[in-house]
Amino acid sequence: MVLSSLHSSRLKYVSLGVLVLQTTSLVLTMRYSRTLKDDGPRYLASTAVVSAEVLKIFACSLLVLMENNFSVRAMNQLLKEEIVKRPAETMKLAIPAGIYTLQNNLLYVALSNLDAATYQVTYQLKILTTALFSVSMLGRRLGLYQWLSLLILMAGVTLVQWPTESEGDSEQKILSAGSQFVGLMAVLMACVSSGFAGVYFEKILKGTKQSVWVRNIQLGLFGFVFGLVGMLVYDGQRVKQSGIFQGYNTITCTVVVLQALGGLVIAVVIKYADNILKGFATSLSIITSALISYFLLEDFNPTSIFFLGSMLVIAATFLYGYECKPPSSSTIKV
Ligand code: C5P
């Protein structure tokens, strides 16, 4: 019992650390892939989403195989029992998968109508929506310090991503008020969907003893179907003409692998930590990618506002963890 709780605790921190690294490398690789000038057609984002789902399902199947001592027969039996013979349980995963697909599309709408900085700052609201859904759907109790740390985190992340005048001004002039409104609505809906889908998945994972990898296969299967429909609707013609893997290069493959890895790590984080801590890990990764941009890529100049924001994020992370362990008298139920 003590050993298993030690194991869970270690998995919690290892998975959070890996999530920081994964998010950081995904952001940097995506930025690099955007600035890379290559001959030939550009890869289709909708096909990358489908490829990542396929890779995720494949990786999760391998992990289930490992859990079953590499017995293909035992794995097939388990997947049949858990996925095919329990359609009601499997169907539950259609909800978060559908919401995540919608969310990924909403973010696309948001990024087409808002400048990147406004988008990133506003999307941080998902930390609060996640906390609210955790409290209302999971009955989680947050201490006073934890609520406070969430507010400090929001303030810190907002400062970290505060647009510098030059980039904000030029882009702002181009974007009309109408398009700003559409973008803002899309990102706000994505915040609600991110909080709800994450907490719904957490409820499913923590409510049953089923393996996290089996759950992820169920989620991935729906994600694959929805992603495929999206691909055919948006890019059907182009896929017919030049194939699914048009424009793929090493960088594209790296982005797909990192995205699939993200799905695996997020599932482990949700299982062994929680969605709110996941928000903290992503906030820390904003700072690590900025540091790498400054020291290695030399394409970023931190301001004093950025420095202050970083300090607030780090302080909030410690404050949240401080009250996390023993439930104390200052715990409030909302
Ligand atoms: O912004 P947010 O943290 O809500 O994004 C979560 C992302 O992780 C979504 O794009 C979703 O498709 C993906 N995900 C996943 N596997 C899970 C949970 C989330 O691929 N088990």
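Here, the structure is the one placed above.
Let us look at the structure shown here. (Residues numbered from 1 in each chain as written. Predicted model: local features only at pLDDT ≥ 70, side-chain atom pairs only at ≥ 80, totals over all residues. Heavy atoms only, no water.)

### So, the packing of helix 3 (residues 72-84) against helix 11 (residues 212-242)
- Direction vectors running N to C along helix 3 and helix 11 enclose 60°, while the axes themselves pass 11 Å from each other. With respect to their mutual orientation, helix 3 and helix 11 come out oblique. Seen along the crossing, helix 3 lies across helix 11 with a hand that is right-handed. Along the contact surface, helix 3 presents Leu78, Leu79, Glu82 and Ile83, while helix 11 presents Val214, Ile217, Gln218 and Leu221.
- Taken together, the residues of the contact of helix 3 with helix 11 sort by class into 6 nonpolar, 1 polar and 1 charged. (Axes fitted to C-alpha atoms, helices over the stretch in contact; angles between N-to-C directions. Helix = DSSP H or I, 4+ residues; strand = E, 2+ residues; numbered from the N terminus. Parallel < 35°, antiparallel > 145°, perpendicular 65-115°, else oblique. Left-handed = near helix turned anticlockwise from the far one by under 90°. Contact = heavy atoms within 4.5 Å. Nonpolar A, V, L, I, M, F, W, Y, C, P; charged D, E, K, R; others polar.)

### A word on the packing of helix 7 (residues 126-138) against helix 13 (residues 275-297)
- Interaxial distance between helix 7 and helix 13 falls to 9 Å at its minimum, and their mutual angle equals 165°. Viewed along their axes, helix 7 and helix 13 adopt a mutual orientation that is roughly antiparallel. Pair helix 7 / helix 13 crosses with left-handed handedness. Together, Ile127, Thr130, Ala131 and Ser134 of helix 7 and Asn275, Ile276, Gly279 and Ser283 of helix 13 make up the contact between the two elements.
- Residue composition of the contact of helix 7 with helix 13, grouped by class: 3 nonpolar, 5 polar and no charged.

### Focus: a nonpolar patch on the surface
- A cluster of nonpolar side chains, namely Tyr108, Val109, Leu125, Phe181, Val182, Leu184, Met185 and Leu188, defines an oily patch on the protein surface of about 670 Å² accessible area.
- Those elements giving two or more residues to the nonpolar patch turn out to be helix 5 (94-113) and helix 10 (177-207).
- Counting residues per element, the nonpolar patch draws most heavily on helix 10, at 5 residues.
- Assessed through its relative accessible area of 34%, Met185 is described here as partly exposed. (Patch = residues over 30% accessible without salt bridge, like charges linked within 9 Å, V, L, I, M, F, W, Y side chains within 5 Å. Areas by Shrake-Rupley, 256 points an atom, 1.4 Å probe, with all protein chains shown as cover. Salt bridge = Lys/Arg side-chain N within 4 Å of Asp/Glu carboxyl O. Buried < 20%, exposed > 50% of the residue type's maximum accessible area, 1.4 Å probe, protein only.)

### A word on the nonpolar core
- If you look at the biggest cluster of nonpolar residues, it comprises 27 residues, and the most contacted ones within it are Leu142, Leu150, Leu153, Ile276 and Phe280.
- Of the residues forming this core, the biggest block, 7 residues, is contributed by helix 13.
- When near neighbours in sequence (up to four residues on either side) are disregarded, Phe280 contacts Ser149, Leu150, Leu153, Ala316, Thr317 and Tyr320.
- Grouped together as the second largest cluster of nonpolar side chains are 24 residues, Ile57, Ile204, Trp213 and Ile217 included. (Core = buried A, V, L, I, M, F, W, Y, C linked by side-chain atoms within 4.5 Å.)

### Description of helix 11
- Here helix 11 spans only 37 Å end to end across 31 residues, well under the 45 Å set by a 1.5 Å rise per residue.
- The residue sitting at the N-terminus of helix 11 and contributing the capping side-chain oxygen is Ser211; that oxygen lies 3.0 Å from the backbone nitrogen of Trp213.
- Directly beyond the C-terminal end of helix 11, a positive phi value near 90° is found at Gly243. (Expected span 1.5 Å × (residues − 1). Polar contact = N/O pair within 3.5 Å; in protein donor to acceptor, adjacent residues only side chain to side chain.)

### Overview of the pattern of salt bridges
- Going through the model one piece at a time under the given rule, you end up with 8 salt bridges.
- One salt bridge in this structure joins Arg140 and Glu202, with 2.7 Å as the shortest N-O distance. Of the two residues, Arg140 is situated in the loop between helix 7 and strand 1 (142-143) and Glu202 in helix 10; the sequence distance between them amounts to 62 residues.
- What you see here is one network of salt bridges that share partners, running through Glu89, Lys92 and Arg215.

### Points about the packing of aromatic side chains
- Scanning the entire structure with this criterion turns up 7 aromatic pairs.
- Centroid distance Tyr43 to Tyr248: 6.1 Å. Interplanar angle 75°. Geometry classified as edge-to-face. A residue pair is termed long-range when its members are at least 10 positions apart, and Tyr43 in the loop between helix 1 (2-35) and helix 2 (45-67) and Tyr248 in the loop between helix 11 and helix 12 (250-272) qualify at 205 residues.
- Judged by relative accessible area, Tyr43 falls into the partly exposed class, the value being 22%.
- Note on Phe196 and Tyr200: the rings are 5.7 Å apart at their centroids and 40° apart in plane angle, and the pair reads as tilted. Of the two residues, Phe196 and Tyr200 are both situated in helix 10; the distance of 4 residues between them amounts to about one turn of the helix. (Phe/Tyr/Trp six-rings, centres within 6.5 Å; stacked < 30°, edge-to-face > 60°.)

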